[in-house]
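Summary of the model geometry
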Amino acid sequence: MQLSGHIKMMNTSLEGGSAKYSLPIGESLIDMNAVVGKHIELKYNDVILCANCGVRTKKSWSGGYCFPCTQVLARCDLCIMRPETCHYSEGTCREPQWGLNYCFQPTIIYLANTSKPKVGITNKKRVYSRWIEQGAISALPIIEAKSRLDSGKIEVALKQFVADKTNWRNMLKNEVEQSSLSSLKETLLTEIAATVKETEAIVLSDDEVNISYPVLKYPTKVVSLNFDKTPIITGILEGIKGQYLLLDSGVLNIRKFSSYHLTISS
Ligand SMILES: [Zn+2]
């Protein structure tokens, strides 16, 4: 197999409890699970094109954009990282039509075991993809909110009691301080009852979901690979977790290199 084109972050889905990955490259999709255990070469061709305007950019910002686009696109605004600061109702959304579609959909607040228990939010339609992108080995949806703003308020309340960040090195080494998400849920719901009521959110009664990853061998030491320093990255693909390819030569964060033009052979 040899394909060339601009890449995007990997598409993820859950099939029978296992994470499935495909890598968009140009107009094609590479079934990455099928490459695990094989030799792979990823060559950077020194071209990055903005995923929005198509202009050549020296650096990929905010997951694949040129710098000017990050200043005008709503999806690159700070409120995307911090939903509790959604300012749509103030009439200041950079792209109101986009904001209306993106920010006013059922949003799930979940707990996940990534490196240790954490809280996160995601669009209801994307729960499995989101958990896999974060490398969660188990996850539990706990609350459904009406908007990203409401989910942000709930997440802020939860952050006083549980982490919202992942130690990505521990996640990649599969060193997880796992705990029972259902017992944690009960404790947390008591703590944040007032916020749930205020936002008129719904408490869910879903079961915990376990996720296994296509990994033959987890790294014991995490070495980051980077196309800007090493344009040709080769090795045996020993596994995939989160948005990372785990090669025997190091780990590669695919998300970080969105919009890079690559030639991939295996
Ligand atoms: Zn652009």
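Residues numbered from 1 in each chain as written. Predicted model: local features only at pLDDT ≥ 70, side-chain atom pairs only at ≥ 80, totals over all residues. Heavy atoms only, no water.

**A look at the sheet that holds strand S4 (residues 28-31)**
Backbone-to-backbone hydrogen bonds join strands into a sheet, with any given pair of strands oriented parallel or antiparallel. Selection criterion: Pairing between two strands is assigned when DSSP locates at least 2 bridges connecting them. Note on conventions: DSSP H or I runs of at least 4 residues are helices, E runs of at least 2 residues are strands, and numbering of each starts at the N terminus. Axis lines are fitted through C-alpha atoms, for helices just across the contact stretch, and the angle between N-to-C directions can take any value from 0 to 180 degrees.
Taken together, the three strands give an open sheet; going across it, the order is S2-S3-S4, and neighbouring strands pair in antiparallel fashion. Of all strands in the sheet, those bounded by a partner on one side alone are strand S2 (11-15) and S4. Neighbour-to-neighbour, the strand axes of this sheet turn through a mean angle of 30 degrees, independent of strand direction. Of the pairings in the sheet, the one linking S2 to strand S3 (residues 18-25) comprises five bridges and is antiparallel in character. Across the sheet, Leu-14 pairs through a bridge with Ala-19, a residue of S3.

**Description of the packing of aromatic side chains**
How we decide: We call Phe, Tyr and Trp rings a pair once their centres come within 6.5 Å, taking the six-membered ring for Trp, and we label the pair stacked below 30 degrees between planes, edge-to-face above 60, and tilted otherwise. Only protein chains enter the accessibility calculation, which uses a 1.4 Å probe. A residue is then buried if its area is under 20% of the maximum for its type, exposed if over 50%, and partly exposed in between.
One pass over the structure, following the stated rule, counts eleven aromatic pairs. For the pair Tyr-110 and Trp-131, a centre-to-centre distance of 5.9 Å together with 70 degrees between the ring planes defines the contact as edge-to-face. Of the two residues, Tyr-110 sits in strand S6 (residues 107-113) while Trp-131 sits in helix H4 (residues 127-133), which places them 21 residues apart along the sequence. Across the pair, Trp-131 and Tyr-110 agree in class, each one buried.

**Examining the coordination of the zinc ion**
Filter applied, for reference: Donor atoms (N, O, S) are those found within 2.8 Å of the metal centre, with the cutoff raised to 3.2 Å for Na, K and Ca; water is not part of the atom list, so apparent gaps in a site can occur. Donor angles set the geometry label: tetrahedral for four donors if every angle is between 85 and 135 degrees, square planar for four and octahedral for six if opposite donors exceed 155 degrees and the others are between 65 and 115, irregular for anything else.
Coordination sphere of the zinc ion, protein contribution only: Cys-50 (SG), Cys-53 (SG), Cys-66 (SG) and Cys-69 (SG), at 2.3 to 2.4 Å. Taken together, the four donor atoms surrounding the zinc ion define angles of 103 to 114 degrees at the centre, an arrangement classified as tetrahedral.

**Here we look at the sheet that holds strand S12 (residues 244-247)**
Reading across from one edge, S1-S14-S5-S11-S12-S13 is the order of the six strands in this open sheet, with antiparallel pairing throughout. The two strands at the open ends of the sheet, each matched to only one other strand, are strand S1 (2-6) and strand S13 (250-253). For this sheet the average axis-to-axis angle between neighbouring strands, irrespective of direction, equals 35 degrees. Here five bridges tie strand S5 (residues 39-48) to strand S14 (residues 260-265), and the two strands are oriented antiparallel to one another. Within S14, the residue paired with Leu-42 across the bridge is Ile-264.

**Concerning the domain arrangement of the protein**
Note the threshold: What fixes the domain bounds is an automatic or database domain assignment. Between two residues, a contact is recorded if the distance between any of their heavy atoms is within 4.5 Å. Defined here as a combined quantity, buried area equals the accessible surface (1.4 Å probe) lost by two parts on assembly, summed across both. We define a salt bridge as a contact between a side-chain nitrogen of Lys or Arg and a carboxyl oxygen of Asp or Glu at a distance within 4 Å. N or O atoms closer than or at 3.5 Å make up a polar contact, with two conditions inside protein: a donor-capable atom paired with an acceptor-capable one, and, for residues adjacent in sequence, both atoms drawn from side chains. Residues are grouped as follows: Ala, Val, Leu, Ile, Met, Phe, Trp, Tyr, Cys and Pro are nonpolar; Asp, Glu, Lys and Arg are charged; all remaining types, including Gly, are polar.
Per the domain assignment, the segments making up the protein are domain 1 (2-64 + 215-265) and domain 2 (106-210). Its C-alpha centre places domain 1 at a distance of 27 Å from the equivalent point of domain 2. With 19 residues of domain 1 at the contact, the number on the domain 2 side is 16 residues. Carbon and sulfur atoms make up 62% of the area that domain 1 and domain 2 hide from each other, which totals about 1,400 Å². At the junction of domain 1 with domain 2, the criterion picks out one salt bridge. Glu-133 serves as the salt-bridge partner of Arg-255, at 3.9 Å between the closest nitrogen and oxygen. Across the contact surface, domain 1 and domain 2 share five residue pairs in polar contact (both at pLDDT 80 or more). For the side of domain 1 that touches domain 2, the elements supplying multiple residues, two or more each, are S2, S3 and S12. With three residues, S2 is the largest single contributor of residues to the side of domain 1 that touches domain 2. Split by residue class, the side of domain 1 that touches domain 2 holds ten nonpolar, seven polar and two charged.

**Some remarks on empty space enclosed by the protein**
To keep things clear, this is the line we draw: A cavity here means a set of points on a 1 Å grid, drawn over the protein atoms and nothing else, where a 1.4 Å probe fits but cannot get out; a pocket is an open set with protein on both sides within 12 Å along at least five of seven lines, and a residue lines either one if it has an atom within 4 Å of a point. Grid points are joined across faces, edges and corners, and a volume is the space filled by probe spheres set on the points.
Under the defined criterion, the tally for this structure stands at one cavity of 30 Å³ or more. As for the largest cavity, its lining consists of 14 residues, and the residues nearest its centre are Cys-79, Cys-86, His-87, Cys-93 and Cys-103. Of all the secondary structure elements, the ones that give two or more residues to the lining of the largest cavity are helix H2 (78-81) and helix H3 (96-103). Taken together, the residues of the lining of the largest cavity sort by class into nine nonpolar, two polar and three charged.

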